[in-house]
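# Summary of structural features
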Amino acid sequence: MEERIDITVGICAYNEVQTVEKSIRSIYSQKTEYANVKEVLVVSSGSTDGTDDKVRELMNEFPTLKLIVQEKREGKNSAINCYLDNKTCDIVVMLNADNLFGTEDSLEKLVLPFKDPKVGITGGRPIPTNDPKDKVGFAVNLMWLMHHYLALKNPKIGELIAFRDIGTRLRTDFQSDEDIIRMELERKGYICVYAPECICVNRGPETEEDFRKQRIRVNIGEVNMKKTYDFSIPTWNKKYLAKAYFKTIRELGFHPFKTYYTLRLESQCRKEAERHVEAGEDTMAVWDPVESTKKV
C-alpha cells in the first residue's frame, strides 16, 4: 500500500462567520487515498462577529481542527506566517475561509502532484457561483475562465494552493502571498503545477464597486511583485491573455457589450493599481473586506 502524505490545511479568517463552517466542512468531507489531513489550523485575526465561537463549536466535532486567535488584525500575510509557524506538516494547503472544495476529490487532485519531488506548489481551479447573465457576474465568470485557460498553458495559481514549506515567511507590509511563495520555491528549483480537476468554489463581487475594490487590491499586489522582485505574473502577459480570451469567449459565448464592459473595467483597475504603486501609497497589506463575496 502506498504511503500517505500528511498535510496541514490552513485557513485565514476575519469576520467569516457566514462562510467558515462551510469551508471547514468541505475539508473534512474530502475523500482521499494519498493525502492525509493531519490538522486544520484556522487563524482568526481580530474577528468580532462570532467566527471564533463557530470554530470552537466545530472543534468538538473535528478533533484535528485547531483555532489560533490573533487579537489584532495584521493582514493575511501575518496570518499565513502564524499557521506556518504552528503547523506540523511539510505540505501545506491554503484555503480561504470564504471558499470551499467543489468536489469530494478536489483535495486529492491538489496534492497528488507532490508525488514528484520536483513539484513545489500546486493550484486548483476557482469556479464562481455568480450568474453570468448579470453584467458584473459575467465579468467575474469571464475573468476566472480566462484565468483557467491561461493557467493550463502558463500556471498562474491563487485562491486555493498547496505548497512545500521550505521556510519561507511572508513580509507583512505586502499583500501578495501565493506569488511570493511560488517565487521562492522556483528560485530553489521547484516547479509550479496547475491542477484543474481540483475545484474551488468561490463567490465573486456582485457590484461594480466591490469588483473594483477587489481587482485594484489584487493588481496592486501583482504590480508590486514586478517592481520589488522583478517577478512577472502570467496574467500580465498580453500574448497569454489574448489566447486565453479567445478560448474563453468560445465557451462563455460572445456577448460584446458585457465583454467590453469587463475588459474596460479590468483595464481601469490595472491602471489605478499602477498609479497606486508608482505614488508609493498603501500596499493594502490589510484591506477592507469585499462583503458581497461572503455568500459562497
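Treat the numbers as computed from the prediction; the structure is a model and nothing was measured. For every chain, the first residue of its written sequence is number 1, and the numbers climb from 1 along that sequence. For this predicted model, a pLDDT threshold of at least 70 governs which residues receive local features, and a threshold of 80 or more governs which side-chain atom pairs are given and counted, while totals over whole chains, interfaces and linings are taken from all residues. Side-chain measures here rest on the full set of heavy atoms in the structure, leaving out hydrogens and waters.

This next bit is on the overall build of the protein chain. Runs of E in the DSSP output that reach at least two residues are strands. Runs of H or I that reach at least four are helices, and both are numbered from the N terminus. Along the backbone of the protein chain there are 9 helices and 8 strands. With the radius of gyration taken over C-alpha atoms, the globule rule is written as 2.2 Å times the number of residues to the power 0.38. Taken against the 2.2 N^0.38 rule, which gives 19 Å for 296 residues, the C-alpha radius of gyration of the protein chain at 18 Å falls within 12% of a compact globule. In terms of overall dimensions, the protein chain has a C-alpha envelope of 50 × 45 × 40 Å along the principal axes. Looking at the protein chain residue by residue over its 296 residues, the buried ones come to 56%. Any two residues whose heavy atoms approach within 4.5 Å are treated as being in contact. Sequence separation of 24 or more characterises 83% of the internal contacts of the protein chain that already satisfy a separation of 6 or more. Only the protein chains shown count as cover for residues, with accessible areas throughout obtained via the Shrake-Rupley method and a probe of 1.4 Å. Put simply, the protein chain shows about 13600 Å² of open surface, and 49% of that area lies on carbon and sulfur atoms. Separation of charge centres in the protein chain, based on 45 positive and 47 negative side chains, amounts to 6 Å. Note on classification: 1.4 Å probe, protein chains only; a residue is buried when its accessible area is under 20% of the maximum for its type, exposed when over 50%, partly exposed between these limits. Here the positive residues are Lys and Arg and the negative ones are Asp and Glu; neither His nor the chain ends is included. For this purpose, a charge sits on NZ of Lys, CZ of Arg, CG of Asp or CD of Glu.

Along the chain, the position of valine 296 falls in the segment after helix H9 (256-278). For valine 296, a relative accessible area of 12% corresponds to the buried category. A sequence separation of 212 residues divides valine 296 from leucine 84, and the C-alpha atoms of the two residues are 26 Å apart. Sequence-distant contacts of valine 296, defined by excluding residues within four places in its chain, comprise Thr19, Lys22, Asp98, Leu100, Val201, Asn202 and Arg203.

Looking at where methionine 146 falls in the secondary structure, it is placed in helix H5 (residues 135-153). Once the C-alpha coordinates of methionine 146 and leucine 185 are considered, the two residues, 39 residues apart in sequence, prove to be 25 Å apart. If near-sequence neighbours (up to four positions away) are discounted, methionine 146 is found in contact with Leu241, Ala244, Tyr245 and Thr248.

What follows concerns the nonpolar core. Residues belong to a common nonpolar core when they are buried Ala, Val, Leu, Ile, Met, Phe, Trp, Tyr or Cys residues joined through side-chain atoms within 4.5 Å. In terms of nonpolar packing, the biggest core is built from 33 residues, with Ile7, Ile24, Val93 and Val111 touching the most fellow members. Top contributing element to this core by residue count: strand E1 (residues 5-13), with 5 residues. Once you skip the residues sitting within four places of it in the chain, valine 93 turns out to touch Ile7, Thr8, Val9, Gly10, Phe101, Leu107, Leu110, Val111, Leu160, Ile161 and Ala162. In terms of nonpolar packing, the next biggest core, distinct from the first, is built from 25 residues, Leu41, Cys82, Leu185 and Met225 among them.

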